[in-house]
Amino acid sequence: MGLLSDPNRRRALINLLTRLNAPICVVCYMAGVAWFMGLAFEPFTLRTYMSENAMGSTMVEERFPSGERAVATGREFAAHKKKVSGMPVEWLVKTMQARGLEVYTQRFSRTLPFPDENKERYMVKGTNVYGILRAPRAPRTEALVLSAPCTPGDNNNQAVGLLLGLAQYFRNQIYWAKDIIFLVNDHDLIGMQAWLEGYHHTNTTGMDWSPLQGRGGSIQAALSLELSSDVVTSMDLVLEGLNGQLPNLDLANLFYAFCQKIGVLCTIQGKLQRNDWDSVSGYSHAVQTMMLMVMKQASGRPWGDHGLFLRYHIEAATIKGINSFRQYKTDATTIGRLLEGMYRKLNNLLERLHQSYFFYLMPSLSHFVSIGYYMPAFGLLAVILLLRALDLWVQLATPPPTTEDGIADIEQSSPGVLSVLTPLVISHLTGAALYMLPIRFQEMAVEHFPVSETEAVVLTAIAVYTAGLALPHNTHRLLSGEGTEQGWRVLKLVALLYLAVLLGCTALINFSLGFILALTLVPGAAFVTPHVPKVLSAFVLVILSPACTLLFSVFFFQELQEMPVSFLDGWLLYLSVISQGILDHFLYGSLVYPLIALLVYPCWLLFWNILFWK
């Protein structure tokens, strides 16, 4: 405190920070990147452990015996689905009723803002079927959910069969203290969104759905089951939900504990756990796993049906059965026992899962990185913006040069308000156009150009984004003449503080997205001035812009998945990611698209305007 309260010491500290500003910023950036890369090194991580006392032991005896019968039921479901070319609603209702459940259906429909070419749908109509197993030993105020999406083709038929097999087995047990809801949702995420809105009496997306005729208690936890083939070699845990939300870490710990107990091969991000952490290949494997989680979380999209539960404060995860490790094989009975064990432990909960972490990264299922370890990496990047803002503040506080008569140069010392306000307003108007015009102009674009609706939306977004590079260009001169030297400093000071607050708020909600944006935006924001070489600096700024960051992320994500693509395929995938991001916003409420369009892009345009300040 003495250092800050003593004017002489405070002045000395400020002089030191301003004199060594650039070297300190470079060191902070390198330290932030090094800190983040070190998070995957096993000695720097924490071992997972069960925090919830009610789930602290796996000492339950799993007895589910009906794996073969569940497989046969899955084949029967597949035959009826093929016969009706969709969800076999009547068959599902009869089958669930035969197993002693209270069965209800929900119809829903949704017209997409533009066609989803990835799944070839525009006007979506479907029916959800769910059965409720009432708790025999409790007042039915709480519930658990087990869901399986009905997907086109032969995918996930065995998951529905296993769900029905578990329903029949659970019906004969007397220890349930919570209602258990068995849900088969149509049209994957859209059907799940309709069911959750109906269950909680909300309508946040404008979807049409029929009210639910039957409800259970307050949902405590949920699992979504997906089996990609009849042969399952390992179980993969998917955690990333809408807007980067994650379930309580105890849910992942529960999955890992029962996999270890039963002997099921388990993975996260499709990656097996390795024990050779002290080798280069072991560390690289952990970095790859952690970076996959970061990229998925930063996308803001739900990576499974569980992702929509998290917005209702329901801890949920998706368990995927994958067929990738040929030397192993897991039968339906073993998977059923895994789910039985997890639900029996969730049945013991006396309150919602809250003891463990909600903010974490996982380089493996046995280790995690808590928020206290990964936030300093972001802080080292964000402090660069504050240091540069401090440097500008000191420059602005320096008395202006005086003329021979001893009169201060007013033009240099007092930039016009409009010279700073105009770029701010026009940049944000450009961002608003980027947010609204792609959807509103799709019909006009289809009429005048030979493109589909989806292509029209994506190309309009790219056109508005590109046009934005010219619209705010030197806008400070529109109302106040030539810009002053002090004018760009004031504008950059405002832009730096704006970006620091924006990235800080983003990182608190979605660390991965905030860190990736900081990694690319901070260098250009820190060192751009009107006096640097224009062509080279403009090229660097464009490379570090939000659009190019997304393009590089697409190729990087494919490399992490060990599925590299050519430039042409990567470009097509990039266009698909843009359309999917816009759809996710209008369908499920993903915030990434409005965040980029309305806040991040206008903020970047301010630095673009500073570069060409005259």
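Procedures and definitions
Residues numbered from 1 in each chain as written. Predicted model: local features only at pLDDT ≥ 70, side-chain atom pairs only at ≥ 80, totals over all residues. Heavy atoms only, no water. Helix = DSSP H or I, 4+ residues; strand = E, 2+ residues; numbered from the N terminus. Rg over C-alpha atoms; globule rule 2.2 N^0.38 Å. Areas by Shrake-Rupley, 256 points an atom, 1.4 Å probe, with all protein chains shown as cover. Axes fitted to C-alpha atoms, helices over the stretch in contact; angles between N-to-C directions. Parallel < 35°, antiparallel > 145°, perpendicular 65-115°, else oblique. Left-handed = near helix turned anticlockwise from the far one by under 90°. Nonpolar A, V, L, I, M, F, W, Y, C, P; charged D, E, K, R; others polar. Domains from an automatic or database assignment. Contact = heavy atoms within 4.5 Å. Buried area = accessible area lost by both parts, 1.4 Å probe. Salt bridge = Lys/Arg side-chain N within 4 Å of Asp/Glu carboxyl O. Buried < 20%, exposed > 50% of the residue type's maximum accessible area, 1.4 Å probe, protein only. Core = buried A, V, L, I, M, F, W, Y, C linked by side-chain atoms within 4.5 Å. Phe/Tyr/Trp six-rings, centres within 6.5 Å; stacked < 30°, edge-to-face > 60°. Lys NZ or Arg CZ within 6 Å of the ring centre and 35° of its normal. Patch = residues over 30% accessible without salt bridge, like charges linked within 9 Å, V, L, I, M, F, W, Y side chains within 5 Å. Lys, Arg positive; Asp, Glu negative; His and termini not counted. Charge placed at Lys NZ, Arg CZ, Asp CG, Glu CD. Pairing = 2+ DSSP bridges. Polar contact = N/O pair within 3.5 Å; in protein donor to acceptor, adjacent residues only side chain to side chain. Expected span 1.5 Å × (residues − 1). Bend = angle between axes of the 7 residues up to and from the residue. UniProt positions renumbered as here; feature names shortened; annotations may be inferred.

This part is about the overall build of the chain. Counting secondary structure elements, the chain contains 22 helices and 12 strands. Taking 25 Å as the expected radius of gyration for a compact globule of 614 residues, we find that the chain reaches 28 Å, a close match to that expectation. Overall, the chain is about 100 × 60 × 50 Å in size when its C-alpha atoms are taken along their principal axes. Summed over all atoms, the accessible surface of the chain reaches about 26,800 Å², with 61% contributed by carbon and sulfur.

Here we take up the packing of helix α11 (residues 371-397) against helix α17 (residues 485-509). Between α11 and α17, whose axes approach to 9 Å, the crossing angle comes to 160°. Comparing the axis directions of α11 and α17 gives the class roughly antiparallel. Like other packed secondary-structure pairs, α11 and α17 cross with a definite hand, here left-handed. When the residues that make up the contact of α11 with α17 are grouped by side-chain class, the tally is 18 nonpolar, 3 polar and 3 charged.

With that settled, consider the domain arrangement of the chain. Along its sequence, the chain is carved into domain 1 (12-41 + 373-398 + 416-612) and domain 2 (53-365). For domain 1 versus domain 2, the distance between C-alpha centres works out to 37 Å. Listed per partner, the contact involves 40 residues of domain 1 and 40 residues of domain 2. With both sides pooled, the region where domain 1 packs onto domain 2 buries about 3,500 Å², and carbon together with sulfur makes up 65% of that total. Of all residues in domain 1, Leu560, Leu587 and Tyr588 bury the most surface against domain 2, accounting for 20% of the area lost on that side. Linking domain 1 with domain 2 are 2 salt bridges.

Time to look at unusual backbone geometry. A positive phi angle, close to 55°, is found at histidine 187, a residue other than glycine. Here histidine 187 is to be found in the loop between β5 (179-186) and α7 (188-200). Assessed through its relative accessible area of 25%, histidine 187 is described here as partly exposed. Positive phi, normally seen in glycine, also occurs at histidine 201, with a value near 55°. Tracing the backbone shows histidine 201 in the loop between α7 and β6 (208-209).

For the rest of this paragraph, the subject is the nonpolar core. Within the largest apolar cluster, 116 residues are counted, with the highest numbers of intra-cluster contacts made by Phe36, Trp195, Phe309, Phe378 and Phe607. Among the elements that line this core, the one with the most residues is helix α22 (residues 592-611), at 14 residues. Each of two domains, domain 1 (12-41 + 373-398 + 416-612) and domain 2 (53-365), supplies a minimum of three residues to this core. With residues near it in sequence (within four places) discarded, phenylalanine 607 still touches Lys492, Ala495, Leu496, Leu499, Ala525, Val528 and Leu541.

Applying the stated criterion to the full structure yields 27 aromatic pairs. Centre to centre, the rings of tyrosine 601 and tryptophan 604 are 6.3 Å apart; their planes meet at 15°, and the pair counts as stacked. With tyrosine 601 and tryptophan 604 both in helix α22, this residue pair falls 3 residues apart, about one helical turn. One exposure class covers both tyrosine 601 and tryptophan 604, and it is buried. Taken together, the ring pairs connect Phe64, Tyr169, Phe170, Tyr175, Trp176, Phe182 and Tyr343 into an aromatic cluster. Sitting over the face of the ring of tyrosine 199, arginine 215 holds its NZ or CZ atom 4.5 Å from the ring centroid.

Taken together, the side chains of Glu117, Glu120, Glu443, Glu447, Glu453 and Glu455 define an acidic patch exposed on the protein surface. Looking at the element boundaries, glutamate 447 is found in helix α14 (residues 442-448).

Here the focus is the pairing of strand β8 (residues 234-238). When you tally the buried positions in β8, you get 5 out of 5 residues, the bulk of the element. Of the two faces of β8, both are covered, the one formed by Ser234, Asp236 and Val238 as well as the one formed by Met235 and Leu237. Looking at chain direction, β8 and strand β10 (residues 315-322) are connected through 5 bridges and run antiparallel. Bridge pairing in β10 links valine 238 to threonine 318. Sheet topology note: the β8/strand β9 (residues 266-268) ladder contains 3 bridges and is parallel. Residue pairing across strands places leucine 237 opposite isoleucine 268, the latter belonging to β9.

Take the side chain of glutamate 197 next. Position of glutamate 197 among the secondary structure elements: in helix α7. Among buried Asp, Glu, Lys and Arg side chains, glutamate 197 stands out as unpaired, with arginine 311 the closest opposite charge at 5.1 Å. A distance of 2.9 Å separates the side chain of glutamate 197 from the side chain of tryptophan 209, its partner in a polar contact. Among residues more than four places away in sequence, those in contact with glutamate 197 are Thr202, Asn203, Thr204, Thr205, Met207, Trp209 and Tyr312.

Here we take up the sheet that holds strand β3 (residues 121-133). Taken in spatial order, the 9 strands make up an open sheet running β6-β2-β3-β5-β4-β7-β10-β8-β9, and their pairing is mixed. Here the strands that pair on one side only, and so sit at the sheet edges, are β6 and β9. Bridging between β3 and β5 involves 5 bridges; their strand directions are antiparallel. Note on β5: the bridge partner recorded for isoleucine 132 is isoleucine 181.

Glancing now at a nonpolar patch on the surface. Taken together, Val417, Leu418, Leu421, Val425 and Leu429 make up a surface patch of nonpolar side chains, about 460 Å² in accessible area. Turning to its location among the elements, leucine 429 is positioned in helix α13 (residues 417-440). Residue class for leucine 429 comes out exposed when judged on its relative accessible area of 55%.

In this model, α13 (24 residues) spans 34 Å end to end at C-alpha, consistent with the 34 Å of a helix rising 1.5 Å per residue. Of all the bends in α13, the greatest, near 30°, is centred on leucine 434, and the proline proline 438 appears no more than four residues after it. Buried residues of α13: Ser419, Val420, Thr422, Pro423, Leu424, Ser427, Thr430, Gly431, Ala433, Leu434, Pro438 and Ile439, and no others.

When the UniProt feature table is mapped to this numbering, "transmembrane region" (unreviewed entry) covers residues 20-41, 371-396, 416-437, 457-475, 495-528, 535-557 and 591-613. The span residues 535-557 is 91% helical and 0% strand by assignment, and the distance between its end C-alpha atoms comes to 30 Å.

Turning our attention to the sheet that holds strand β1 (residues 46-47). Ordered in space as β1-β12-β11, the 3 strands form an open sheet in which the pairing is antiparallel. In the strand order of this sheet, the two ends are held by β1 and β11 (360-364), each with one partner. With 2 bridges connecting them, β1 and strand β12 (residues 367-370) associate as antiparallel partners. Within the sheet, the bridge partner assigned to arginine 47 lies in β12 and is histidine 367.

What follows covers the pattern of salt bridges. Any two side chains of opposite charge can pair, so long as their charged atoms come close to each other. What the rule picks out here adds up to 8 salt bridges. The salt bridge partner of glutamate 61 is arginine 63, with a shortest N-O separation of 3.2 Å. Look at arginine 63 and you get exposed, because its relative accessible area is 51%. The residue arginine 134 makes a salt bridge to glutamate 102 at a minimum N-O spacing of 3.1 Å. Residue arginine 134 is found in the loop between β3 and β4 (142-150), and its partner glutamate 102 is found in strand β2 (residues 102-116); the two are separated by 32 residues along the sequence. Each of Glu102, Arg134 and Asp179 takes part in salt bridges that share partners, so that together they form one network.

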